[in-house]
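Residues per chain, in single letters:
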Amino acid sequence: MSSYPPSGPPPKTTLRQRLADLRGPAVPPRPLDARALAALAANPGCGRRALLDGAGVDKTALAAALGSPAAFGQSQFAIVRGNSFEARVKDDGGAALLRLVHQHLGTGAEPPGAGARVPDLTAAGPEGRAARTALALREATAAGAWTLLDHPMLALEVAGTPAYLEPDAVVVHPDGRWTVVEIKSFPLIDGSADPAKVGAAARQAAVYVLALETTAEKLASAVVGHTVLLVCPKDFSNLPAAAPVDVRREHSVTRRQLGRLTRVEDLAAALPEGLSFDPARPAEELTEAVSAISAAYAPECLAACELAFHCRERARTADEVTALGRSVRGELGALTTIGKALAAAAGGGDPDDPTSAALHHAARLRAEALEASACPS
Ligand code: SF4
């Protein structure tokens, strides 16, 4: 017979329930995508982003509820234009896309003929689609024929959280190589594009390459290419053009950084019970909740994270030198606030600290130079 109240320790909340409580009861989990993983890899020291992304918190809604809405993301017009360009590139069974892959990365293979393989990848849910994709990759590799996988689903576990990623396309070559294809709507002008946009596309593609490798591990005959194909509109037309992009550097950086992320359950376990990021809660409560997780703000966050305005404000309020940039933070060593750095420059720092001494010396030189320029002899 059971007794009430029950004896012994209370039942432990499961991780799934804990993460749902953190998101809020009516908030569906936001899946991790390649863009989010690339941003996480760029700032692995930020526990705040790692936890919020791992728990599937809607950071856009959270930023708005905090009173600091995110100011980046594609406009509706850009999304529609991008979708229509992608549809054009994949028209006619992906003939134009396969021609571009053969032209740039074909390495002596026969050109893809009419009616290349485009397997059906539909299945229920992301897990079903990932399993269907793995099967299609296996069959295409065994067939040794040009095959286009349109919007395959790839699985990758990151810090204990499964992520399902959807590249624009993966092409299987007749020799068993797999190539990631990224289709973007920014133009390739005379064969080159905006380096910042190409860099962002390369970081995103590197995440897809990592995910493909986990599938390829089970297949001895498969080789994942570390050169991806970027397909963009040629000049200012709507015609597709392509450029191979070597992502070896991004691949190794991303793999190393994602491996350094703290597991989401460890981050969640350190939080007080009852804490929630539900956007329906009052702004003061949310501010307190967000402050409970350590962050690593840097100006680069402005282009990569929905919470950037909020974190920048907090970093400035706390006088943190990180608000001035990661390189400044690195140079200043133990001087973690702007106030401490200014005090050191004025001669009030630790005399045994070489950074304080260097700052004071630089400030003296500057003052002397200003004095000399003010009174020419
Ligand atoms: S904006 Fe804030 S939460 Fe996002 S990565 Fe930067 S510090 Fe972390």
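Preceding block: the structure.
Here the structure is a predicted model, which is why all the values come from computation and not from measurement.

Sorry if this is basic, but what is going on with the packing of helix 14 (residues 338–345) against helix 15 (residues 354–374) here?
If you want to describe how two helices pack, look at the angle between their axes and the distance between the axes. The contact between helix 14 and helix 15 brings their axes to 7 Å, and the two run at 60 degrees. Viewed along their axes, helix 14 and helix 15 adopt a mutual orientation that is oblique. Listed contacts from helix 15 to A341, A344 and A345 of helix 14 are S356, L359, H360 and A363. Residues belonging to the contact of helix 14 with helix 15 are distributed by class as follows: 5 nonpolar, 2 polar and no charged.

Would you mind going over empty space enclosed by the protein with me for this structure?
The gaps of empty space that remain are located by a probe, the size of a water molecule, rolled over the atoms. In the structure shown here, the tally under the stated rule is 2 cavities of 30 Å³ or more. Each pocket or cavity is described by its volume, and for the largest cavity that value is around 70 Å³. In terms of lining residues, the largest cavity is bounded by L32, L40, A50, D53, G54, V158, A159, T161, L261, T262 and V264. Considering each element in turn, the lining of the largest cavity owes the most residues, 3 residues, to helix 3 (residues 47–54). Broken down by class, the residue content of the lining of the largest cavity amounts to 7 nonpolar, 3 polar and 1 charged. Its boundaries defined by the atoms lining it, the second largest cavity holds a volume of some 40 Å³. Lining the second largest cavity we find E182, V198, A201, A202, A205, V228, L230 and V245. Elements that contribute at least two residues to the lining of the second largest cavity include exactly helix 8 (195–216) and strand 7 (227–233). Looking at which element gives the most residues to the lining of the second largest cavity, the answer is helix 8, with 4 residues. In terms of residue class, the lining of the second largest cavity is made up of 7 nonpolar, no polar and 1 charged.

Definitions and limits used
Residues numbered from 1 in each chain as written. Predicted model: local features only at pLDDT ≥ 70, side-chain atom pairs only at ≥ 80, totals over all residues. Heavy atoms only, no water. Axes fitted to C-alpha atoms, helices over the stretch in contact; angles between N-to-C directions. Helix = DSSP H or I, 4+ residues; strand = E, 2+ residues; numbered from the N terminus. Parallel < 35°, antiparallel > 145°, perpendicular 65-115°, else oblique. Contact = heavy atoms within 4.5 Å. Nonpolar A, V, L, I, M, F, W, Y, C, P; charged D, E, K, R; others polar. 1 Å grid on protein atoms, 1.4 Å probe; cavity = no way out; pocket = protein on both sides within 12 Å on 5 of 7 lines; lining within 4 Å. Points joined across faces, edges and corners; volume = space filled by probe spheres on them.

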